[in-house]
Number of protein chains: 2
Amino acid sequence: MREAYHEELAAISDGLVEMANLVGSAIGLATTALLDADLKLAESVISADEKVDDLQRDLEDRAIAVLARQQPVATDLRVVVTSLRMSADLERCGALAQHVAKLARMRYPRRAVPRDLRRTILEMGQLAQRLMAQAAEVIITQDVDAALQLEKDDDRMDELHRMVFQHLLDDRWQHGVETAVDVTLVGRYYERFADHAVSVAQRLVYLVTGEHAGDLPKDGLA
Amino acid sequence: MREAYHEELAAISDGLVEMANLVGSAIGLATTALLDADLKLAESVISADEKVDDLQRDLEDRAIAVLARQQPVATDLRVVVTSLRMSADLERCGALAQHVAKLARMRYPRRAVPRDLRRTILEMGQLAQRLMAQAAEVIITQDVDAALQLEKDDDRMDELHRMVFQHLLDDRWQHGVETAVDVTLVGRYYERFADHAVSVAQRLVYLVTGEHAGDLPKDGLA
């Protein structure tokens, strides 16, 4: 019984890692599709998100099955409940990567991001992908220090997000309102993606230490 | 034992309804603060969100306690797990209402929303509040038809959201980029708020019928 139980927990954890890997790749590919106006790549990111949703449903079913069959208590119970929360974060990241890809598709054959913001958006996309890779690692290693590091690394995302706004609000902005709207939304998608990656790490910290890792992810306007 | 159990489930349900009521009021007040550039009201919405976060933490603790002590199976287990998911939706709605209020505060003493978008934004705010009131009712009554109605009512939010974009992208837009950025974000906040209200109702449908209520809430770009 115990062995089956730990196998089931391991399967849940594997599912989370797989989800994290998929959405990490998705945000990377979506960023490329966005910056290069690559319609085919955008389409592939959009359709691949179904797999993330399937994984989440599967994971949710598994978690509920474990609760019903094994009736875990104490830490084991928290593992299962935390997994449910993490899978919701990861599912959301998949949707956000899909949004980035949809914007690329909507503006095709034009590029949604003007040239002078290309480097900043690229860095946001790469950082988002890196934060998600760290989150996946943290799920595997349960390393609290590494988990706490994510929040610090996310500061750079906030900085990049501020840079995007500064650029938008600069008097020299010459790309018109449509591009301003696109860039505003894209900036928000990356920021939220990173928040969810940090959230996964914070839930891990809570799981291991029983302490909340600071407050909820920053999710301000700027 | 059974009685205590049903009392605990009732307490969880009460907590969800209280959260829904609070965030419904919050989005209404935040909309007023935004449209009237009412700093005091904005501040009160921002600080009131702590209560929502407290309720969510409380609800999560209760749910985990029920799982540990009562070890529910089948439908009862789904009730508890679904409650956890609903509380996450509602917590997010609180954060979104807070974002609207923060935008009001950031632009004070100016108004973030130009006069010609005032009516549309007012309707979005009122609709968001109404959808949340319906969601609260659905939690109480477990009325599947009423729950399914929310998704239809949300179509109007999508329509309003499209109207905001049309307005932004109209050649006659004369409010500059900063206001375009503000309006883009505000539109997104209302749309997401409504999505979460629909999501609460969909989870209820699933709980009662075992069937998923269509796909996940629409959360497109437009």
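Here the structure is a predicted model, which is why all the values come from computation and not from measurement.

## What about the overall build of chain A?
Within chain A, the secondary structure is distributed over six helices and zero strands. Moving toward the C terminus, one meets the helices and strands of chain A in the order α-α-α-α-α-α. Taken over the C-alpha trace, chain A has a radius of gyration of 19 Å; the compact-globule value for 222 residues is 17 Å, and the two agree within 12%. Considered along the principal axes of its C-alpha atoms, chain A spans approximately 65 × 35 × 20 Å. A total of 222 residues make up chain A; the buried ones form 55% of that total. Counted over contacts in chain A with a minimum sequence separation of 6, partners at least 24 positions apart contribute 84%. As displayed, chain A has an accessible area near 9600 Å², and 48% of this comes from carbon and sulfur atoms. With 26 positive and 38 negative side-chain charges, chain A shows a separation of 5 Å between the mean positions of the two kinds.

## Considerations on the interface of chain B and chain A
Taken together, the contacts link 41 residues of chain B with 41 residues of chain A. Here chain B meets chain A over a buried area of about 3700 Å², counting both sides, of which 65% is carbon and sulfur. Where chain B packs against chain A, one counts two salt bridges. In this structure, the salt-bridge partner of R85 of chain B is E60 of chain A, at a minimum N-O distance of 2.9 Å. Our count for the chain B to chain A interface comes out at five residue pairs in polar contact (both at pLDDT 80 or more). Elements that contribute at least two residues to the side of chain B that touches chain A include exactly helix 2 (39–70), helix 3 (74–107), helix 5 (144–169) and helix 6 (176–209) of chain B. For the side of chain B that touches chain A, the element with the highest residue contribution is helix 3 of chain B, accounting for 13 residues.

## Quick word on the packing of helix 5 (residues 144–169) of chain A against helix 6 of chain B
Where helix 5 of chain A meets helix 6 of chain B, the closest approach of the two axes is 8 Å, and the angle between their N-to-C directions is 135°. One finds that helix 5 of chain A runs oblique with respect to helix 6 of chain B. Of helix 6 of chain B, the residues touching helix 5 of chain A (which contributes F165, L168 and L169 of chain A) are V177, E178, V181 and L185 of chain B.

## Observations regarding the pattern of salt bridges
All names here are of chain B. Evaluated as defined, the whole model comprises 30 salt bridges over all chains. Two residues, R203 and D89, come together in a salt bridge whose shortest N-O distance is 2.7 Å. Taken as a pair, R203 in helix 6 and D89 in helix 3 lie far apart in primary sequence, 114 residues in all. Its relative accessible area of 25% is what places R203 among the partly exposed residues. Residue classification places D89 among the buried positions, given a relative accessible area of 5%. A salt bridge links R107 to D182, with the shortest nitrogen-to-oxygen separation between them at 2.6 Å.

## Some remarks on the UniProt feature "domain: PhoU" (unreviewed entry) in chain A
Here, UniProt's "domain: PhoU" (unreviewed entry) annotation points to residues 16–103 and 121–203 of chain A. End C-alpha to end C-alpha, residues 16–103 of chain A measures 27 Å, and it is 94% helix and 0% strand.

## A look at the relation of the copies chain B and chain A
Once chain B has been moved 0.0 Å along the axis and rotated by 180°, it coincides with chain A to within an RMSD of 0.0 Å. Read as a symmetry element, the transformation amounts to a two-fold axis. By residue overlap, the copies meet face to face through one surface: 100% of the interface positions of chain B are interface positions in chain A.

## Thoughts on the packing of helix 6 (residues 176–209) of chain A against helix 6 of chain B
When two helices pack together, their arrangement is given by the angle between the helix axes and by the axis-to-axis distance. As a packed pair, helix 6 of chain A and helix 6 of chain B sit with axes 9 Å apart at the nearest point and diverge in direction by 45°. One way to sum up the angle between helix 6 of chain A and helix 6 of chain B is to call them oblique. Relative to helix 6 of chain B, helix 6 of chain A is oriented so that their crossing is right-handed. Between helix 6 of chain A and helix 6 of chain B, the residues in contact are V177, A180, V181, T184, L185, R188 and Y189 of chain A and V177, A180, V181, T184, L185, R188 and Y189 of chain B, respectively. Split by residue class, the contact of helix 6 of chain A with helix 6 of chain B holds ten nonpolar, two polar and two charged.

## A look at unusual backbone geometry
Residues and elements named next belong to chain A. A cis amide bond, omega 5°, links Y108 with the succeeding residue P109. Here P109 is to be found in the loop between helix 3 (74–107) and helix 4 (118–141). The backbone of A74 sits at a positive phi, close to 50°, despite the residue not being glycine. Within the element layout of this structure, A74 appears in helix 3. Even without a glycine there, the phi angle at Q142 is positive, about 55°. Counting through the fold element by element, Q142 comes out in the loop between helix 4 and helix 5. In this structure Q142 comes out as partly exposed when scored by relative accessible area, which is 40%.

## Considering helix 6 of chain A
Between its first and last C-alpha, helix 6 of chain A extends 49 Å over 34 residues, near the 50 Å set by a 1.5 Å rise per residue. Of all 34 residues in helix 6 of chain A, 29 are buried; the element is thus mostly enclosed.

## A look at the environment of E50 of chain A
All names here are of chain A. You can see E50 is positioned in helix 2 (residues 39–70). Assessed through its relative accessible area of 55%, E50 is described here as exposed. Along the backbone, E50 and M86 are 36 residues apart, and their C-alpha atoms lie at a distance of 18 Å.

## Remarks on the state of the cysteines
Enumeration according to the criterion identifies zero disulfides over all chains in this entry. Of all cysteine sulfurs, the one in C93 of chain B lies closest to C93 of chain A, which takes part in no disulfide; the gap is 18 Å. Given the relative accessible area of 0%, C93 of chain A is considered buried.

Criteria and thresholds
- Residues numbered from 1 in each chain as written.
- Chains lettered and ligands numbered in written order.
- Predicted model: local features only at pLDDT ≥ 70, side-chain atom pairs only at ≥ 80, totals over all residues.
- Heavy atoms only, no water.
- Helix = DSSP H or I, 4+ residues; strand = E, 2+ residues; numbered from the N terminus.
- Rg over C-alpha atoms; globule rule 2.2 N^0.38 Å.
- Buried < 20%, exposed > 50% of the residue type's maximum accessible area, 1.4 Å probe, protein only.
- Contact = heavy atoms within 4.5 Å.
- Areas by Shrake-Rupley, 256 points an atom, 1.4 Å probe, with all protein chains shown as cover.
- Lys, Arg positive; Asp, Glu negative; His and termini not counted.
- Charge placed at Lys NZ, Arg CZ, Asp CG, Glu CD.
- Buried area = accessible area lost by both parts, 1.4 Å probe.
- Salt bridge = Lys/Arg side-chain N within 4 Å of Asp/Glu carboxyl O.
- Polar contact = N/O pair within 3.5 Å; in protein donor to acceptor, adjacent residues only side chain to side chain.
- Axes fitted to C-alpha atoms, helices over the stretch in contact; angles between N-to-C directions.
- Parallel < 35°, antiparallel > 145°, perpendicular 65-115°, else oblique.
- UniProt positions renumbered as here; feature names shortened; annotations may be inferred.
- Least-squares fit on C-alpha atoms with pLDDT ≥ 70 in both.
- Left-handed = near helix turned anticlockwise from the far one by under 90°.
- Nonpolar A, V, L, I, M, F, W, Y, C, P; charged D, E, K, R; others polar.
- Expected span 1.5 Å × (residues − 1).
- Disulfide = S-S within 2.5 Å.

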